[in-house]
Amino acid sequence: MSHPPILSVNGLVKHYGRTEVLNGVSFDLEPGSIVALVGTNGAGKTTAFKCILGLTDFRGEIDVAGRSVVKHGKEVRGLIGYLPQAPGFGDDDTCFEALRFLADLRRAPHDRIGTLLDRVSLGPQRDKRIRELSGGMRQRLSLAAALLSDPPLLLLDEPTGNLDFQSRRELHDLLGEMRDEGKTVVLSTHFVEHIADLADRVILLKDGKVGLDMATSELTAAAGRRVTVSLNGTAPSELLAALGAIGIGEQRISAAASDLQEAISRAMAASTADEEARG
């Protein structure tokens, strides 16, 4: 029996002036999953997060746990933990003091602070000043801050950008534990090398639209397939119709690929070819 979506995005449209950033983005996310929102820089990933958080106006509908972002913004934000690209803390505060201040703002219990610092491997640094932390440590502290209110939905914007290999592996393990606890994690990234190790699903944003929405297992399987096509003068529309007849269309990939990164790259190219054929 399927659960109601924890996050439902329907027809999301966002412009900054005359620049169209998002155009008709739609997807539903079920509880207990890790979803990678991928795309190049400028694809609209951070903007989508801002819309979900209600930090900017938009057209379309966004619901979190059945509550409208527009109508119940404050309540919705209480259900979301957000890790921004550039975590901001006071340099003179200790790790514990920074989390205690945020806990007071969010009316979260102080007894969670020590547990969360241990969970993100910052227990020994609880009394260390923020200015003394490495970029990776600040990122982990920001993750602890996002977890203060024990939210069911986490939005992580480029969470591994400042982490070394070991810290990245520890973060992957931690996010896996959160998924097992029933939390839904959405992480935005333009790095796809290790997505297969973490995400259950990949949503690719391209030119403001969803260019691909597929389970990681399907992408991995598609990456191992090889399809050789000779156009021989065939029109692109006829080729796409033929591929559609065997199950390869907008949401599928024909790929001569050895890994997930190549599969996603080919998915982006296939999406562009589809748009050109329809245009």
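**Q** Any chance you could explain the pattern of salt bridges here in plain terms?
**A** For side chains bearing opposite charge, pairing can occur when the charged atoms are close. Tallied over the entire structure, the rule returns 11 salt bridges. Here Arg119 makes a salt bridge to Glu177, at a shortest N to O gap of 3.5 Å. Residue Arg119 is found in helix α4 (residues 111–119), and its partner Glu177 is found in helix α6 (residues 165–180); the two are separated by 58 residues along the sequence. On the basis of relative accessible area, Arg119 is assigned to the partly exposed category, the value being 28%. When salt bridges that share partners are traced, they join Arg119, Glu177 and Glu181 into one network.

**Q** Is there a simple way to think about the sheet that holds strand β4 (residues 59–64) in this case?
**A** Each strand in a sheet pairs with its neighbour through backbone hydrogen bonds, running either in the same direction (parallel) or in the opposite one (antiparallel). Across the sheet, four strands lie side by side as β2-β1-β4-β5; this open sheet has antiparallel pairing. Lying at the two open borders of the sheet, with one neighbouring strand each, are β2 (19–29) and β5 (67–68). Where β4 lies against β5, two bridges are found, and the strand directions are antiparallel. Looking at β5, one finds that Val64 is bridged to Arg67.

**Q** Before we go on, may I ask you to explain the pairing of strand β9 (residues 201–206) in this structure?
**A** Strand residues, when the strand is regular, have side chains that alternate between the two faces of the sheet. β9 sits mainly inside the fold: six of its six residues count as buried. Covered by surrounding structure in β9 are Arg201, Ile203 and Leu205 together with Val202, Leu204 and Lys206, the residues of both alternating faces. Pairing geometry for strand β3 (residues 34–38) and β9, over four bridges, is parallel. By the bridge assignment, Val35 is partnered in β9 with Arg201.

**Q** Would you explain helix α5 (residues 135–146) in this entry?
**A** Residues spaced three or four apart along an α-helix face the same direction, because each turn holds 3.6 residues. Counted at 1.5 Å a residue, the expected span for α5 with its 12 residues is 16 Å, and the 17 Å between its end C-alpha atoms agrees. Here α5 has its buried residues at Gly136, Met137, Gln139, Arg140, Leu141, Ser142, Leu143, Ala144, Ala145 and Ala146. Against the buried residues of α5 lie β6 (80–83), α3 (95–106), α4, β7 (153–157) and α6.

**Q** What's the story with the side chain of Arg140 in this structure? I'm lost.
**A** Tracing the backbone through its elements, the reader meets Arg140 in helix α5. It is Glu170 that comes nearest to the buried, bridge-free Arg140 among opposite-charge side chains, at 4.7 Å. Setting aside its immediate chain neighbours within four residues, Arg140 contacts Val120, Ser121, Leu122 and Ser167.

**Q** Help me understand the packing of α3 against α5 in this model?
**A** Any two packed helices are characterised by how steeply their axes cross, that is the angle between the axes, and by the distance between the axes. In the contact formed by α3 and α5, the axes pass within 10 Å of each other and the chain directions differ by 25°. On the basis of their axis angle, the class for α3 and α5 is roughly parallel. In this structure, α3 crosses over α5, and the sense of that crossing is right-handed. Contact residues: Cys95, Leu99, Leu102 and Arg106 in α3; Leu141, Ala144, Ala145 and Ala146 in α5. When the residues that make up the contact of α3 with α5 are grouped by side-chain class, the tally is seven nonpolar, no polar and one charged.

**Q** Looking at this model, I keep getting lost on the nonpolar core. Mind explaining?
**A** The tendency in soluble globular proteins is for nonpolar side chains to be buried as a group. Residues Leu99, Leu117, Leu141, Leu143, Leu148, Leu156 and Leu175 are the most contacted members of the largest nonpolar core, which totals 44 residues. Residues in contact with Leu175, not counting those within four places in the same chain, are Ile34, Leu156, Val185, Leu187 and Leu198.

How each quantity is defined
Residues numbered from 1 in each chain as written. Predicted model: local features only at pLDDT ≥ 70, side-chain atom pairs only at ≥ 80, totals over all residues. Heavy atoms only, no water. Salt bridge = Lys/Arg side-chain N within 4 Å of Asp/Glu carboxyl O. Helix = DSSP H or I, 4+ residues; strand = E, 2+ residues; numbered from the N terminus. Buried < 20%, exposed > 50% of the residue type's maximum accessible area, 1.4 Å probe, protein only. Pairing = 2+ DSSP bridges. Expected span 1.5 Å × (residues − 1). Contact = heavy atoms within 4.5 Å. Lys, Arg positive; Asp, Glu negative; His and termini not counted. Axes fitted to C-alpha atoms, helices over the stretch in contact; angles between N-to-C directions. Parallel < 35°, antiparallel > 145°, perpendicular 65-115°, else oblique. Left-handed = near helix turned anticlockwise from the far one by under 90°. Nonpolar A, V, L, I, M, F, W, Y, C, P; charged D, E, K, R; others polar. Core = buried A, V, L, I, M, F, W, Y, C linked by side-chain atoms within 4.5 Å.

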